[in-house]
Amino acid sequence: TNMTPSLNVAFRPGTLEAQLAASVDTVVGAAVQGYLPAVKALIEGAVQVQREQLSQAMWGSIKSLPPCGPTTVYLGPGAVITNLLLWGGLGILALGILQAARPLSDRRGRK
């Protein structure tokens with residue numbers, strides 16, 4: 001089903017506005033009715049042809065911006081805390097492995 005609302009724009013017949021509206025309708029209709037890959041290729045080709053100009057315009061715009069202010073970078077809690085977390089985690093891992101390796105009879109209590 002077509003969910004696009006119809007637009008009822010009326011121009012006087014024979015005027016430039018009516019001719020432009022008809023030509024836009026024709027071009028858009030052709031693009032929508034199966035020529036979308038061709039229109040996409042046309043746009044991509046135009047961008048490739050104008051890549052150098054687009055790149056120069058983009059970099060010109062970036063270079064015209066004011067420089068960034070000083071920033072502060074947080075590098076973590078520090079070497080001491082990092083080492084404590086590492087060795088503490090490894091110690092807990094070793095205790096868990098030792099606990100799992102004990103025979104089941106030792107955990108239940110010998111009878």
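Draft legend 1. Summary view of the overall build of the chain. Along the backbone of the chain there are five helices and zero strands. Going from the N terminus to the C terminus, the chain shows its helices and strands as α-α-α-α-α. For the chain, with 111 residues in total, the buried portion stands at 3%. Accessible area of the chain: about 10,600 Å², with a carbon and sulfur share of 67%.

Draft legend 2. Structural view of a nonpolar patch on the surface. Together, Tyr35, Leu36, Val39, Ile43, Val47 and Leu54 give the surface a local cluster of nonpolar side chains, amounting to about 550 Å² of exposed area. Ranked by residues supplied to the nonpolar patch, first place goes to helix α2 (residues 36–49) with four residues. Tracing the chain through its elements places Val39 in helix α2. Under the relative-accessibility criterion, Val39 is labelled partly exposed at 30%.

Draft legend 3. Structural view of the packing of α2 against helix α3 (residues 51–63). Two numbers describe how α2 lies on α3: the axes approach to 4 Å, and their chain directions differ by 65°. Put simply, α2 runs roughly perpendicular to α3. Residues Val47, Gln48 and Val49 of α2 form the contact with α3, whose own contacting residues are Arg51, Gln53 and Leu54. Grouping the amino acids of the contact of α2 with α3 by side-chain chemistry returns three nonpolar, two polar and one charged.

Draft legend 4. Here's a closer look at the confidence of the model for the chain. Averaged over every residue, the pLDDT of the chain is 81; residues scoring 70 or more account for 83%. The secondary structure element of the chain with the lowest average pLDDT is helix α5 (residues 104–108), at 63, and the one with the highest is helix α4 (residues 79–101), at 92.

What counts, and where the lines are drawn
Residues numbered from 1 in each chain as written. Predicted model: local features only at pLDDT ≥ 70, side-chain atom pairs only at ≥ 80, totals over all residues. Heavy atoms only, no water. Helix = DSSP H or I, 4+ residues; strand = E, 2+ residues; numbered from the N terminus. Buried < 20%, exposed > 50% of the residue type's maximum accessible area, 1.4 Å probe, protein only. Areas by Shrake-Rupley, 256 points an atom, 1.4 Å probe, with all protein chains shown as cover. Patch = residues over 30% accessible without salt bridge, like charges linked within 9 Å, V, L, I, M, F, W, Y side chains within 5 Å. Salt bridge = Lys/Arg side-chain N within 4 Å of Asp/Glu carboxyl O. Axes fitted to C-alpha atoms, helices over the stretch in contact; angles between N-to-C directions. Parallel < 35°, antiparallel > 145°, perpendicular 65-115°, else oblique. Contact = heavy atoms within 4.5 Å. Nonpolar A, V, L, I, M, F, W, Y, C, P; charged D, E, K, R; others polar. pLDDT = per-residue confidence, 0-100.

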